[in-house]
Amino acid sequence: MNIPANLKYTKDHEWVSIEGDIATVGITDFAQKELGDIVYVEVETLDQSLEKDEVFGTVEAVKTVSDLFLPIAGEIIAFNDALESTPESVNSDPYGAGWMIKVKIANLEEVDGLLSSESYKELVGA
């Protein structure tokens, strides 16, 4: 299982990459394996400000639909439009081409509440 050390994680299986006050968010390798073949990613919250843990979108796999939870409060400033035509990128490259949104972070102190790669490995039993 791929759990990059340079990222932060949530108990809901999202990963977060922080660059200044911008967070890039996607779902983890563990999450995409649990969901199976992803066929659709929907984010209707572009340009909206949401609180931490609010639903920012959904991911649809062959057998299930799962909510996506915002790991950190802020404004959703970008959606990975490539996922509209190639949602399977979430399966093949969850930490690269499969990223989902970019968020302008409202409160950088919330980053401290995210899980380290070691803590996330413990959570998923890796």
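Here the structure is a predicted model, which means the values were calculated and not measured.

What counts and how
Residues numbered from 1 in each chain as written. Predicted model: local features only at pLDDT ≥ 70, side-chain atom pairs only at ≥ 80, totals over all residues. Heavy atoms only, no water. Helix = DSSP H or I, 4+ residues; strand = E, 2+ residues; numbered from the N terminus. Rg over C-alpha atoms; globule rule 2.2 N^0.38 Å. Buried < 20%, exposed > 50% of the residue type's maximum accessible area, 1.4 Å probe, protein only. Areas by Shrake-Rupley, 256 points an atom, 1.4 Å probe, with all protein chains shown as cover. Lys, Arg positive; Asp, Glu negative; His and termini not counted. Charge placed at Lys NZ, Arg CZ, Asp CG, Glu CD. Patch = residues over 30% accessible without salt bridge, like charges linked within 9 Å, V, L, I, M, F, W, Y side chains within 5 Å. Salt bridge = Lys/Arg side-chain N within 4 Å of Asp/Glu carboxyl O. Core = buried A, V, L, I, M, F, W, Y, C linked by side-chain atoms within 4.5 Å. Contact = heavy atoms within 4.5 Å. Pairing = 2+ DSSP bridges. UniProt positions renumbered as here; feature names shortened; annotations may be inferred. Phe/Tyr/Trp six-rings, centres within 6.5 Å; stacked < 30°, edge-to-face > 60°.

1. Topic: the overall build of the protein chain
For step 1, the next point in the chain: Counting its secondary structure elements, the protein chain contains four helices and nine strands.
For step 2, the next point in the chain: Along the protein chain, from the amino end to the carboxyl end, the secondary structure elements read β-β-β-α-β-β-β-β-β-α-α-β-α.
For step 3, the next point in the chain: Expected size for 126 residues packed as a compact globule is a radius of gyration near 14 Å; at 13 Å, the protein chain falls within 12% of this value.
For step 4, the next point in the chain: Based on the C-alpha atoms only, the size of the protein chain along its principal axes is roughly 35 × 35 × 20 Å.
For step 5, the next point in the chain: Scored against the burial criterion, the 126 residues of the protein chain give a buried share of 45%.
For step 6, the next point in the chain: Of the accessible surface of the protein chain, which amounts to about 6,400 Å², a share of 46% is contributed by carbon and sulfur atoms.
For step 7, the next point in the chain: In the protein chain, the 8 positive side-chain charges and the 25 negative ones have mean positions that sit 7 Å from each other.

2. Here's the deal with a nonpolar patch on the surface
For step 1, the next point in the chain: A cluster of nonpolar side chains, contributed by Val39, Tyr40 and Val62, occupies part of the molecular surface with about 280 Å² of accessible area.
For step 2, the next point in the chain: Within the secondary structure layout, Val62 lies in the loop between strand E6 (55-61) and strand E7 (65-69).
For step 3, the next point in the chain: What makes Val62 exposed here is its relative accessible area of 59%.

3. Focus: the nonpolar core
For step 1, the next point in the chain: Grouped together as the largest cluster of nonpolar side chains are 26 residues, with contacts concentrated most on Ile27, Val41, Phe56, Met100 and Ile101.
For step 2, the next point in the chain: Ignoring sequence-local partners within four residues, the contact set of Ile27 consists of His13, Glu14, Trp15, Gln32, Leu35, Ile38, Leu68, Val90, Pro94 and Met100.
For step 3, the next point in the chain: Among the nonpolar cores identified, the runner-up in size contains eight residues, and Ile3, Tyr9, Phe30 and Val124 belong to it.

4. A short note on the pairing of strand E2 (residues 14-19)
For a regular strand, side-chain orientation follows a simple rule: the groups alternate between the two sheet faces.
For step 1, the next point in the chain: Looking at chain direction, strand E1 (residues 8-9) and E2 are connected through two bridges and run antiparallel. Residue pairing for E2: Tyr9 is matched across the bridge by Trp15.
For step 2, the next point in the chain: Hairpin remark: E1 followed by E2, antiparallel, with four residues in the connecting loop; positive phi at His13, about 75°.
For step 3, the next point in the chain: By the bridge criterion, six bridges tie E2 to strand E3 (residues 22-27) in an arrangement that is antiparallel.

5. Some words on the UniProt feature "modified residue: N6-lipoyllysine" (unreviewed entry) in the protein chain
For step 1, the next point in the chain: UniProt annotation of "modified residue: N6-lipoyllysine" (unreviewed entry) refers to Lys63 when read in the numbering used here.
For step 2, the next point in the chain: Lys63 sits in the exposed class, given a relative accessible area of 81%.

6. A closer look at unusual backbone geometry
For step 1, the next point in the chain: Here His13, not a glycine, exhibits a phi torsion of approximately 75°, which is positive.
For step 2, the next point in the chain: Its identity as a non-glycine residue notwithstanding, Asp53 has a phi of 75°, on the positive side.
For step 3, the next point in the chain: By secondary structure assignment, the location of Asp53 is in the loop between strand E5 (49-50) and E6.

7. Re the packing of aromatic side chains
For step 1, the next point in the chain: Using the criterion set out here, one finds two aromatic pairs in the structure.
For step 2, the next point in the chain: A centroid spacing of 4.8 Å and a plane angle of 15° characterise the contact between Tyr9 and Tyr120, whose relative ring orientation is stacked. Here the residue Tyr9 occupies a position in strand E1, and Tyr120 occupies one in helix H4 (residues 117-124), the gap between them amounting to 111 residues. The same class applies to Tyr9 and to Tyr120, which are both buried.

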